[in-house]
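Close look at the chain arrangement
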Amino acid sequence: MSKFWSPAVRELTPYVPGEQPRERLIKLNTNENPYPPAPGIEAALREFSADHLRRYPDPQSIALREALAEVLGVTTEQVFVGNGSDEVLALAFQAFFRQGRPLEMPSISYSFYPVYCRLYDVERRALPLDDEWRVDLDAFTLESAGVIFANPNAPTGHGHSRAAIAGLLERITESVVLVDEAYVDFGGESAVPLVERFPNLLVTGTFSKSRSLAGLRLGYAVGSRELIEGLERVKDSFNSYPIDSLTSALGIASLTDREHFEACREAVITTRERTRVRLEALGFQVLPSQTNFLLVSHPKLDAAQLFVELRERRVLVRHFNTEVLRDYLRISIGTDDEMDSLIEALESLCR
Ligand code: PMP
């Protein structure tokens, strides 16, 4: 604790991200993609001239926003880009949710949302999930400063349909509804087509998961011009997008390779369903998932201990030490070989 810290910082419990180990482990703990980025990324890296770095990047990030707009079926003005969706979310908290009323979110969702609430002095109202651990869309109220949830949700894995999100937006019209689609490409249904109809809908997305570019730090938001302008107003420098030239070039290269993108996400989905069956055969309860991870529990095994024993067998998964998630492990989907190693390790532990 330092006397130099402002009061909000003194009370901050930092978000503890999943471990990035230095040793070689089978890494199934931070929902990264097990497959390499599109082959065009390598080519774009080779073609990128270091001389570009001498100049400032395009302050409007036009080429990247145009490429994203085309893929998402919206206009360039409806797209905002940032350094990972975490940064886009941070800007959204500042632009929309500091209203002096609580922001509503599911009690179990992305654990960064409560951190941003503390950081940006936003009161938080956590609403329970429904009986099947789905985000309860009916629970959100009109009195809030806004609504935020991940769809599909993390770490529970369930995603609502676009029609269900439209139902929520018909009811909540006076504040921003932020739908975080970090995992939507693994079987969810995107709400992006709804931005035309609902000026208070902001959808965020990332290149970290389905595009295998977590190390690049590229995320985006899609919404009405009104909302995008709100984000533009709070970003660091009033007139410039925070994306560097290399990230822009690689982001565009990723967007142009549809084939690789489709093949990787299909592979992840197939492996996920195969893994589900094998985990269930070992006695695990596995929540339905439209993401690149599975949330699992075992009626007879202690999740915290299992986490440690798996790590001893060189398999790293995620255990959240919170009251509601204590009995669960979140397992990111790796390659088939990696999942074979996971299952082998679990077989030896379940014996
Ligand atoms: N939203 C959710 C639900 C996430 O799980 C993550 C990744 N941990 C993010 C947003 C942030 O992703 P990134 O900053 O890599 O785009």
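Residues numbered from 1 in each chain as written. Predicted model: local features only at pLDDT ≥ 70, side-chain atom pairs only at ≥ 80, totals over all residues.

1. With respect to the confidence of the model for the chain
Our working definition: As a per-residue measure, pLDDT reflects the predictor's confidence and takes values from 0 up to 100.
Chain-level statistics for the chain give a pLDDT mean of 95 and a share of 99% at 70 or above. Overall fold confidence for the complex sits at a pTM of 0.96, while the interface term, ipTM, reaches 0.99.

2. A short note on the pairing of strand β4 (residues 124-127)
This is how the line gets drawn: Note: two strands are recorded as paired if DSSP finds a minimum of 2 bridges between them. Starting at the N terminus, helices and strands are each numbered in turn, a helix being any DSSP run of H or I of at least four residues and a strand any DSSP run of E of at least two. Crossover handedness is defined by viewing with both strands directed away from the observer: a clockwise path from the first strand over the helix to the second marks the crossover as right-handed.
Summarising the sheet, strand β3 (residues 103-106) and β4 pair through four bridges and their orientation is parallel. For Leu103, the partnering residue across the bridge sits in β4 and is Arg124. With helix α5 (residues 112-119) bridging β3 and its parallel neighbour β4, the resulting β-α-β unit is right-handed.

3. Here we look at the nonpolar core
Here is a general trend for soluble globular proteins: nonpolar side chains tend to be buried in one another's company. As a reminder of what qualifies: To form a nonpolar core, buried Ala, Val, Leu, Ile, Met, Phe, Trp, Tyr and Cys residues must be joined through C-beta atoms within 7 Å. Working definition of burial: number of other C-beta atoms within 10 Å of the residue's own, with buried at 20 or more, exposed at 12 or fewer, and partly exposed in between, all C-beta atoms being placed from the backbone. Domains are outlined according to an automatic or database domain assignment.
Of all hydrophobic cores here, the largest spans 91 residues; its most connected members are Ala92, Val177, Val203 and Ala221. Looking at which domains feed residues into this core, each of domain 1 (7-36 + 259-350) and domain 2 (39-257) gives three or more.

4. Describing unusual backbone geometry
With omega at -5°, the peptide bond leading from Asn151 into Pro152 counts as cis. The amide bond that connects Ala154 to the next residue, Pro155, takes the cis arrangement and shows omega of 5°. Within the fold, Pro155 resides in the loop between β5 (146-150) and α6 (162-171). For Ser61, which is not glycine, the phi torsion reads 45° and is therefore positive. When you line up the elements, Ser61 lands in the loop between α2 (39-47) and α3 (62-72). A tally of 25 C-beta atoms within 10 Å means that Ser61 is categorised as buried. Unlike most non-glycine residues, Trp133 shows phi in positive territory, near 60°. Relative to the assigned elements, Trp133 resides in the loop between β4 and β5. With 18 C-beta atoms packed within 10 Å, Trp133 lands in the partly exposed category.

5. Describing the UniProt feature "modified residue: N6-(pyridoxal phosphate)lysine" (unreviewed entry) in the chain
Put simply, the rule is: UniProt positions are given in the numbering used here, feature names are shortened, and annotations may be inferred rather than shown by experiment. Residue pairs are scored as contacts if the distance between their C-beta atoms, which are placed from the backbone, is within 7 Å.
As annotated in UniProt, the feature "modified residue: N6-(pyridoxal phosphate)lysine" (unreviewed entry) corresponds to Lys209 in the numbering used here. Setting aside anything within four residues of it in sequence, one finds Lys209 in contact with Asn31, Asn33, Ala182, Tyr183 and Asn292.

6. Side note on the sheet that holds strand β10 (residues 293-297)
As summarised here, the arrangement of the three strands in space is β9-β10-β12, forming an open sheet in which the pairing is antiparallel. Because the sheet does not close on itself, it has two edges, and the strands there are β9 (285-286) and β12 (329-332).

7. Some points on the domain arrangement of the chain
With domains assigned, the chain is organised as domain 1 (7-36 + 259-350) and domain 2 (39-257). Using C-alpha coordinates to define each centre, domain 1 is positioned 24 Å away from domain 2. Going through the elements one at a time, α9 (258-281) and β10 are the ones with two or more residues in the side of domain 1 that touches domain 2. Considering every element that reaches the side of domain 1 that touches domain 2, the biggest residue donor is α9, with seven residues.

8. Brief notes about α3
Put simply, the rule reads: Note that the arc is defined by the directions from the helix axis to the C-beta atoms.
Within α3, burial applies to Leu64, Arg65 and Leu68. Seen from one end, α3 has its buried residues packed into an arc of 95°, which puts them on one side. On its buried face, α3 sits against β2 (79-82), β8 (219-223) and α8 (245-256). In the segment just after α3, Gly73 is the residue with positive phi, at about 75°.

9. Looking at the site of the ligand
Formally: Working rule for contacts: place C-beta from the backbone, and if it is within 6 Å of a molecule or strand, that residue counts as near it. Amino acid classes used here: Ala, Val, Leu, Ile, Met, Phe, Trp, Tyr, Cys and Pro are nonpolar; Asp, Glu, Lys and Arg are charged; the rest, including Gly, are polar.
Near the ligand, the surroundings consist of Gly84, Ser85, Asp86, Tyr110, Ala150, Ala154, Asp180, Ala182, Thr206, Ser208, Ala214 and Gly219. The element contributing the most residues to the shell around the ligand is helix α4 (residues 84-96), with three residues. Each residue belonging to the shell around the ligand can be placed in one class, and the counts come to five nonpolar, five polar and two charged.

10. A look at the environment of Gln20
With respect to the helices, strands and loops of the structure, Gln20 is situated in the loop between α1 (7-10) and β1 (26-27). Sequence separation between Gln20 and Thr30 is ten residues; the distance between their C-alpha atoms is 8.5 Å.

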